[in-house]
Amino acid sequence: MARLPSDEFERPVVILTGLGIPTAVSTAMEAYMFLSDWPRSSRDAVHALACKACLAAVRGDIEPETARGLFASWAERNDIMALDAASFAMARRAGPHGTA
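Residues numbered from 1 in each chain as written. Predicted model: local features only at pLDDT ≥ 70, side-chain atom pairs only at ≥ 80, totals over all residues. Heavy atoms only, no water.

1. Topic: the side chain of Arg-68
So, step 1. Looking at the secondary structure, you find Arg-68 in helix H3 (residues 64-77).
So, step 2. Look at Arg-68: it is buried, it has no salt bridge, and the nearest opposite charge is Glu-65 at 4.2 Å.
So, step 3. One polar contact links the side chain of Arg-68 to the main-chain carbonyl oxygen of Arg-11, over a distance of 2.5 Å.
So, step 4. Not counting chain neighbours up to four residues away, the residues in contact with Arg-68 comprise Phe-9, Arg-11, Pro-12 and Val-13. (Helix = DSSP H or I, 4+ residues; strand = E, 2+ residues; numbered from the N terminus. Buried < 20%, exposed > 50% of the residue type's maximum accessible area, 1.4 Å probe, protein only. Lys, Arg positive; Asp, Glu negative; His and termini not counted. Salt bridge = Lys/Arg side-chain N within 4 Å of Asp/Glu carboxyl O. Polar contact = N/O pair within 3.5 Å; in protein donor to acceptor, adjacent residues only side chain to side chain. Contact = heavy atoms within 4.5 Å.)

2. Looking at the pairing of strand E1 (residues 8-17)
So, step 1. In the sheet, E1 pairs with strand E2 (residues 21-27) via six bridges, with the strands oriented antiparallel. When the bridges of E2 are listed, Ile-15 appears paired with Thr-23. (Pairing = 2+ DSSP bridges.)

In structure tokens:
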């Protein structure tokens, strides 16, 4: 039996859902499902491109990281991208004035 190619991202995209709850999106299918639930009235060309890329990654036609990049760009454009955990940790370590 042929194994489907993995659509898993090397690193999840963390987005803010609901009441600002951080949610990790780890695969192209998860990203596609999230995009599918986005209100039709708020969809644009970037949304359509991200959807197509996620489906292509699920089929194995493109690398999952390509779809990840487009999904992350879309999320950032729509102000739902959560602060990267590593950046958050470094910012906390530096403190509000740049020193710990």
